[in-house]
Amino acid sequence: MRSVKLAATLGVVATAVLGLLWALPPVVQAQIGPQPAPVKESLIKPGEKPNFETVKETVKESLKKMFLAPVPNADGTMGEDPEAAAKKPSMPKSPPLLTPQTGPEAEIAEPEISEESPPPVKLVQVDNPSNALGFRHAENRLKACVDLMSNEKYEAADTCLTTVRRWLVDATEGHINLYKTLNKVPSARAQAELEKQLALKFATLRDQALFRSGQLYVIKNEPQKATRELVEVVKSQPRSDMGVKAYEMLQSIGFTEKLQLVE
């Protein structure tokens, strides 16, 4: 590329110089300096005077040989210096504009619109006896604990009531918190009412479990444990029959007493 550009430049320079020389009178040409190098005989036919184009090509070839002549190395040898050739950076091959992907292409199915209705979501009902989180399942477990008390299996009944009571306390608090949260959302008021009803059902079962636990502790002669359970029942249901019975039981164990009215 460099040689082609240099040759083209030399051709333009030679053309300009020769044009000036031909335009000048012979006297001026003689004052300027020596005549151009003799033209090669191969470019001039015998008996024919060389024209301008022939002289231009001859001068171009002479200048090309002059400037493009090989330069000897430091050791006097000709050709490219091995050390310079080693230091000369190699031109990297230009990468393709698009890199082809290798491996199989993933096939993506076209989306289709289903004309059928989506299958209904099956939700677990809270009144399902097989639902371990529902109130019906807790109600059946509480009944099993009471049956153990009736059969005087007090230790087994104590273990049963402890487990059921703890779950009923947690379930009641959970539904109360859900009711308070959903009741603040206008679009969820109906769902909040459902949580309120579930909280009441679990609270009733919780109080029954507390009452049975207090009754069991009285039978086992553990009045301090009985007091804690029975007080919680009175706090939750002071006007119900179960609340009245819990208060009377507290009187019977000596935690409180009945006020005597005297006329």
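See the structure printed just above.
Residues numbered from 1 in each chain as written. Predicted model: local features only at pLDDT ≥ 70, side-chain atom pairs only at ≥ 80, totals over all residues. Heavy atoms only, no water.

(A) The arrangement of the state of the cysteines in detail. Applying the stated rule across the entire model yields one disulfide. A sulfur-sulfur distance of 1.8 Å marks the disulfide that ties C145 to C160. Taking the sign of the S-S torsion, about -70° here, the bridge from C145 to C160 comes out left-handed. Of this pair, C145 sits in helix 5 (residues 135–150) while C160 sits in helix 6 (residues 154–182), and the two are 15 residues apart along the sequence. According to the relative accessible area criterion, C160 is partly exposed, its value standing at 21%. (Disulfide = S-S within 2.5 Å. Helix = DSSP H or I, 4+ residues; strand = E, 2+ residues; numbered from the N terminus. Buried < 20%, exposed > 50% of the residue type's maximum accessible area, 1.4 Å probe, protein only.)

(B) Fine view of unusual backbone geometry. At E152, a position not held by glycine, the phi torsion is positive, near 60°. Phi at N221 takes a positive value of approximately 60°, unusual for a residue other than glycine. Locating N221 in the fold gives a position in the loop between helix 7 (189–219) and helix 8 (223–236).

(C) Representation of the packing of aromatic side chains within the structure. Enumeration over the complete set of coordinates arrives at one aromatic pair. Both rings, one in F135 and one in F202, keep their centres 6.4 Å apart while their planes meet at 85°; by these two values the pair is edge-to-face. Of the two residues, F135 sits in helix 5 while F202 sits in helix 7, which places them 67 residues apart along the sequence. According to the relative accessible area criterion, F135 is buried, its value standing at 7%. Under the relative-accessibility criterion, F202 is labelled buried at 1%. (Phe/Tyr/Trp six-rings, centres within 6.5 Å; stacked < 30°, edge-to-face > 60°.)

(D) A look at the pattern of salt bridges. Here the structure, examined in full by the defined rule, presents nine salt bridges. A salt bridge links K235 to E232, with the nearest nitrogen and oxygen atoms 3.6 Å apart. A residue pair is termed a helical-turn pair when its members lie 3 or 4 positions apart in one helix, as K235 and E232 do in helix 8 at three residues. In the salt-bridge network here, residues are joined through shared partners; they are E155, D158 and K220. (Salt bridge = Lys/Arg side-chain N within 4 Å of Asp/Glu carboxyl O.)

(E) Quick look at helix 8. The terminal C-alpha atoms of helix 8, which comprises 14 residues, lie 20 Å apart, in line with the 20 Å expected from a rise of 1.5 Å per residue. Three or more residues of helix 8 are buried, namely A226, T227, E229, L230 and V233. (Expected span 1.5 Å × (residues − 1).)

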